[in-house]
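Each chain, written out:
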Amino acid sequence: MNKNELLLAERNRHIPQGPFNTHPVFAEKAKGAVITDVEGKEYIDFAGGIGTMNVGHSDEEVLKAIRDQIQKYTHTCFHVVMYESYVELAKRLNSLTPGNFPKKTMFANSGAEAVENTIKIARHATGRTATIAFEDAFHGRTLLALSLTSKMKPYKFGFGPYAPEIYRMPYAYCYRCPFGLKYPSCEVECAHFLKEFFHTHISAEQVAGLIVEPVLGEGGFVVPPKEYFGILKKICQDNGIVFIADEIQTGFGRTARMFAIEHYDVAPDLTIMAKSIAGGLPLSAITGKADLMDHPQVGGLGGTFSGNPVSCRAALAVLDQFEKKDLLSRAEKIGKRVLEKFRELYDRYPIIGDVRGLGAMVGMELVVNRRTKEPATAQTKRLIDLCREKGLLMISAGTHSNIIRPLMPLVITDEQLERGLAVIEDGLHNLHQDK
Ligand SMILES: Cc1ncc(COP(=O)(O)O)c(C=O)c1O
């Protein structure tokens, strides 16, 4: 047995199967967009810790910020003894997030925890109980977040009953339009449908918040039409509903804007961030209208590790690196190249049913048949395995796990990017020959 196999056997002996693993690979070190495993094999990383490493692995400035902080202290608990980095980071996010109104920010540890806090804030501020979420949405795995998540297997199956007062709308999934319409002649019916939804599912005056991903992440890199969020936001505003943007996967530059909702010219009432916010350290944030954020009583929000000082320092360094390295322009360039390559592959391989993207959030949906659009779930897994054998780490997405979703660090070099894309091309060629 080689070292990866030995470690995998130990992993299986001591760790339950629930916490899943996409690749049978153990990391030794990582730098930029390359991960080296315990046997010295190098992989180009198109997964980025599921969109956590936008600033790149082992960024020198982020590591320096972490080192500087741990030499002073690692934790005091913000609720016991405060520290400046929490305040400084909140101030920066308040000015960085969309919306020309007074804002406040609080921190938590994970995406799911931040999602849960937004629901608490929306309920408290409105005095209402219901939340509207979407089909194909992913908002996390804790029980309330899981209840907002859409995909049954493996996420929800066997874990019910779910949290009450959650109502689910179809998303703007144009490739598989839930209304059987075509954009633009559809006139974005899927967004206007919210008004009808208030008659058929839940009355508007009972709805505290509507939570939505500006581009579906786990749901398969689905990009709604440009009018979509403006319409949803207006209906929410007219009905006193808090509009919550879950920017956990889209945020921090993935779509070539700091936040994907900026492409839609919409300012959310509450914006949720996590993943790439702190260069791989656990941290999440909620930034929102000051009056909403201030609504819950003192002690109503918080957590022992929330906004840990090491994570806050790392996040400040991440923001500096975004500016210094102009990672938004880099995301734009990466996205253009990936989209161009995926479109070229679409013309050659009929297994590709759809290619779509926003900035560097570019997805490729695989189908067994372009006419029936039957998801090519097994083939997607095979493609990911083939790519790993050739030194490229990728992950899938989608309710049917049939979408390739590259989440490479934005510091990837052109040469690494081309190598990665060539491996995908090679994998598709092999898949084609398998048939
Ligand atoms: C859009 C979105 N929301 C919430 C989450 C949950 O975040 P976490 O895994 O940090 O709890 C994720 C994680 O993939 C996500 O992509």
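Everything that follows concerns the structure shown earlier in this document.
Residues numbered from 1 in each chain as written. Predicted model: local features only at pLDDT ≥ 70, side-chain atom pairs only at ≥ 80, totals over all residues. Heavy atoms only, no water.

Caption draft 1: Structural context of the site of the ligand. Around the ligand, a shell composed of S110, G111, A112, F138, H139, G140, E213, D246, I248, Q249 and K275 is seen. The contact in question runs from a nitrogen atom of the ligand to an N or O atom on the side chain of D246, over 2.7 Å. Contact between the ligand and K275: an oxygen atom at 3.0 Å from a side-chain N or O atom of the residue. Starting from 390 Å² of accessible surface for the ligand in isolation, the protein chains cover 82%. Residues that form the shell around the ligand fall into these classes: three nonpolar, five polar and three charged. (Near = heavy atom within 4 Å. Polar contact = N/O pair within 3.5 Å; in protein donor to acceptor, adjacent residues only side chain to side chain. Areas by Shrake-Rupley, 256 points an atom, 1.4 Å probe, with all protein chains shown as cover. Nonpolar A, V, L, I, M, F, W, Y, C, P; charged D, E, K, R; others polar.)

Caption draft 2: Region of interest: helix α8 (residues 189–200). Taking 1.5 Å of rise per residue, 12 residues should cover 16 Å, and α8 covers 16 Å from first to last C-alpha, within 8% of that figure. Those residues of α8 lying buried are C190, A191, F193, L194, F197 and F198. All buried residues of α8 lie within an arc of 160 degrees about the axis, which places them on one face of the element. Of the surrounding secondary structure, the elements contacted by the buried residues of α8 are β5 (130–134), β6 (166–169), β7 (207–212) and α9 (228–238). (Helix = DSSP H or I, 4+ residues; strand = E, 2+ residues; numbered from the N terminus. Expected span 1.5 Å × (residues − 1). Buried < 20%, exposed > 50% of the residue type's maximum accessible area, 1.4 Å probe, protein only. Arc of directions from axis to C-beta. Contact = heavy atoms within 4.5 Å.)

Caption draft 3: Molecular detail of the environment of T287. The residue T287 is located in strand β10 (residues 284–289) in this model. Beyond its immediate chain neighbours, meaning those up to four positions away, T287 contacts L93, N94, T97, K103, K104, T105, D269, L270, T271, M273 and M293. Within polar-contact distance, the side chain of T287 engages the side chain of T105 at 2.8 Å.

Read these as geometric descriptors, not functional statements.
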